[in-house]
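Fold and contact review
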Amino acid sequence: MPGMKSLMSHRQPESMLRRSLLLGLALLASCAAWAGTGAAQVDAGNVATARPDVPRPGVKPCIVTLIPREDFGSKGNNTRMDAVPHAFHYAPPAGCRGPWAKVVLEADFSVDRGIQFDRTASIWLDGVNLYFGTTQEPSPKVAPHWRVQRDLTDYASVLRHAGSGRVIINNWLSGVRLSIIHASARLLFYPANARYPAPKVPSRVYALNGGDALPAQLKTGDQWLSRTLRFPRNTARVYMDVFAQAQSTDEEYYTCLEQRFMHKPGKPDAHAVEQRFWMCPGGSFREAEVAIDGTPAGLAPIAPWIFTGGIDPYLWRPTPANETLDFIPYRVNLTPFAGVLSDGKPHAVAVRVLDAHDYFAVAAALLVYQAADSAHTGGAVTVNTLKNRAIKPRITSTLGDIKGARSGGDVTTQSRENYVIEGYIDTPKGRVTTRVDDTLGFHNEQQFLTRANGDRRHLTQQHARMHSIAMRRGGGIAAQQVTRNVDYRLDFTAARPASNNASLHQLTVTLHQRFGRDLRAGRAGVPTYQAHVRTTHVGADHMLLDPSRRQSLRHTGQTSLQNVVFWNSLGDCYQASVQARNSKVVQMTHGLGCLDGKSSVHWFVHPDGSPDSLGWQDADND
């Protein structure tokens, strides 16, 4: 990442000092006041989020249209199901072939007023995923429209060449669900110059999904998305961006229980609970595992992304849950394997979702940095404590332990894995060793309570977190360390009072969701950069349900609040919040707690919490 100002006070090596001075000047020239939202209006019923836009350099971009405007689910189709990918041809911008300071994808979506399910949407170029998310459900009165953005600067190597792309939004129409989804997409290329220098980006990007340009459907924990590749002989660093989206029975996996805890009709069991509105079999534990040539190479937490029809559809109007419309991938550091992968032989790289039940949609891409001064790096993995480890959660239960005027209990699922993987590459400057020390924790607790009067309560608390430390040393430079903390939390309670009407149920839902990311980087033990992102979403709603038709009839008391806060050690600050009541925005804030009450960030930072491989940190090695 260019423009990163060093915070070190002691003397630096000459090359590092020269780069720091140049990038420091770029910092001073490029910082500007900036706000990432503002499209939503108070009292409007359209989509409104607090998530920031992608910051941009202050230069005019070259724009390449991927699709001008496509209809998904057109009534003119012979079938009433639009499950055919919409193809497009891509060519790099003739007016600015690069290098680019930044590349940004912008996609606009809308849905006709009426009734329609939420749909998964994705955009692909030669098998590489450019966008992954879901759509907003419409209502009979509101035709929602929204824009998503993704920073694709790290994918620049894919965009330098012409290719074939696809947009996939499987939209089914019926006699009731008639709403068509509309989409357009474009790429914005910002030319680099002295004021906005080009960052160090991966030399190669490889899609694990291959040429299929479809998310892999992993129906069990034993199924893999895998691809065999030959890597460059001078491979220096390797990362994997992973998307893992819960679908079908797994859609609300955080409420799932193992079959032994599920009620069996005609077989009363004090240690089982009655089937509830969301409950599903298969247990609640889910994590992603990466393997190289069949050897475990890393783990990744699963984000609890919620469809706009999930849990309670009214909770997400007008503000969807965190990242629902635009997923953020998790980036796995595979650099300890760089020396092995550079041997010129084919290597199988794969990812799976542990304990997947049915099913997860998965997309993954490998980001490879090459050593410019080496024809062949070579090396080995020297430590791998994840190898031969069986990852199974610990499950405990107190179901049936509560007596008297109430019954119930809880089911708790926990996992904690700490592993170290270390490897090296050989370069003309000497041996460079990378050590990754990761700790991944998972906790899911479901509490069930039934009172004597028939009132029922189901509480779900899930927390997935990753603490990752990556250290690089050797090659004649100061030791480097990058520490990342990623935190996904989802808590919600469903309360259902007893009813004399067996055909109708009332349900009150309260929910709290949080995404957090912290980043700290340093050289020789001296901090060089720190960043912090927190996105929270709280909401509540009361529904009247028709269980026989599994649908809501009406609702009251809907409230929601989404808040995003970002700051870093460069003095950047972003804050925004959206508050809604009865499906309309009632208040928005920007810049609270920032200098002069305004959000202001540099053009190269990631205020949404999207991953950054910190190419600036390792420039001396590559």
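The structure reproduced in this document is the subject of the present report. Quantities reported herein were computed from a predicted structural model and do not represent experimental measurements.

When its secondary structure is counted, the chain shows 3 helices and 34 strands. For the chain, buried positions account for 58% of its 622 residues. Across the chain, contacts joining residues at least 24 apart in sequence account for 77% of those joining residues at least 6 apart.

Oppositely charged side chains are able to pair whenever their charged atoms sit close together. Summed over the entire model, instances satisfying the criterion amount to 24 salt bridges. Between Glu106 and Arg56 there is a salt bridge; the shortest N-O distance is 2.9 Å. Taken together, the residues span a long stretch of sequence, with Glu106 in strand β5 (residues 100-111) and Arg56 in the loop between β1 (32-33) and β2 (62-72) at a distance of 50 residues. With a relative accessible area of 23%, Arg56 lands in the partly exposed category. The salt bridge partner of Arg69 is Asp71, with a shortest N-O separation of 3.2 Å. Judged by relative accessible area, Arg69 falls into the exposed class, the value being 51%. Among the residues examined, Asp71 registers a relative accessible area of 33% and is labelled partly exposed.

Turning next to the nonpolar core. Grouped together as the largest cluster of nonpolar side chains are 105 residues, with contacts concentrated most on Met240, Leu334, Val351, Phe360 and Leu366. Apart from the residues lying within four places of it in its own chain, the contact partners of Met240 are Leu208, Val290, Tyr330, Arg331, Val332, Leu334, Val349, Ala350, Val351, Ala364, Ala365 and Leu366. Formed by 43 residues, the second largest nonpolar core is a distinct cluster that contains Phe109, Leu159, Ile169 and Val205.

This next bit is on the packing of aromatic side chains. Under the criterion given, the structure shown has 15 aromatic pairs. Taking the centre distance of 5.2 Å and the plane angle of 85° together, the rings of Phe285 and Phe442 count as edge-to-face. With Phe285 in the loop between β17 (280-281) and β18 (287-292) and Phe442 in strand β26 (residues 430-451), this pair connects stretches of sequence that are 157 residues apart. Classification of Phe442 as buried rests on a relative accessible area of 3%. Ring plane angle 35° and centroid distance 5.6 Å describe the contact between Tyr488 and Phe515, whose orientation is recorded as tilted. Highlighted residues: Tyr488 in strand β28 (residues 477-496) and Phe515 in strand β29 (residues 505-523), separated in sequence by 27 residues. Of the residues examined, Tyr488 reaches a relative accessible area of 5% and is grouped as buried. Residue Phe515 is classed as buried on the basis of its relative accessible area, which comes to 3%.

Before going further, it helps to spend a moment on the pairing of β5. Of all 12 residues in β5, 11 are buried, a share of seventy percent or more. Bridge count for β5 against strand β11 (residues 181-191) is 11 bridges, and the pairing is antiparallel. Directly across from Val104, in β11, lies its bridge partner Leu188. Relative to strand β8 (residues 145-151), β5 is paired through 7 bridges, and the arrangement is antiparallel. From the neighbouring strand, Ser110 faces β8, where its bridge partner is His145.

This next bit is on the environment of Ser179. In this fold, Ser179 is placed in the loop between β10 (171-172) and β11. Along the sequence, Ser179 and Phe117 sit 62 residues apart, while their C-alpha atoms lie 8.9 Å from each other. Setting aside residues no more than four positions away along its own chain, Ser179 makes contact with Val111, Asp112, Arg113, Gly114, Ile115, Gln116, Pro138, Asn171 and Leu173. Within the structure, the side chain of Ser179 is placed 2.9 Å from the backbone oxygen of Asp112, a separation counted as a polar contact.

Next up on the list: the side chain of Asp572. Secondary-structure assignment places Asp572 in the loop between β31 (551-568) and β32 (573-581). Polar side-chain contacts of Asp572 include one of 2.9 Å to the side chain of Asn568. A polar contact is formed between the side chain of Asp572 and the side chain of His602, at a distance of 2.8 Å.

Turning to unusual backbone geometry, a few remarks are in order. Note that the residue after Gly98, namely Pro99, is joined by a cis bond; omega there is 5°. Across the junction of Asp358 and Tyr359, the peptide omega takes the value 0°, indicating a cis bond. For Tyr359, the position within the fold is in the loop between β21 (347-354) and β22 (360-370). Despite not being glycine, Ser583 has its phi angle at roughly 70°, a positive value. One can find Ser583 in the loop between β32 and β33 (584-590).

Reading guide: rules and limits
- Residues numbered from 1 in each chain as written.
- Predicted model: local features only at pLDDT ≥ 70, side-chain atom pairs only at ≥ 80, totals over all residues.
- Heavy atoms only, no water.
- Helix = DSSP H or I, 4+ residues; strand = E, 2+ residues; numbered from the N terminus.
- Buried < 20%, exposed > 50% of the residue type's maximum accessible area, 1.4 Å probe, protein only.
- Contact = heavy atoms within 4.5 Å.
- Salt bridge = Lys/Arg side-chain N within 4 Å of Asp/Glu carboxyl O.
- Core = buried A, V, L, I, M, F, W, Y, C linked by side-chain atoms within 4.5 Å.
- Phe/Tyr/Trp six-rings, centres within 6.5 Å; stacked < 30°, edge-to-face > 60°.
- Pairing = 2+ DSSP bridges.
- Polar contact = N/O pair within 3.5 Å; in protein donor to acceptor, adjacent residues only side chain to side chain.

Any functional reading would require information beyond the geometric quantities listed.
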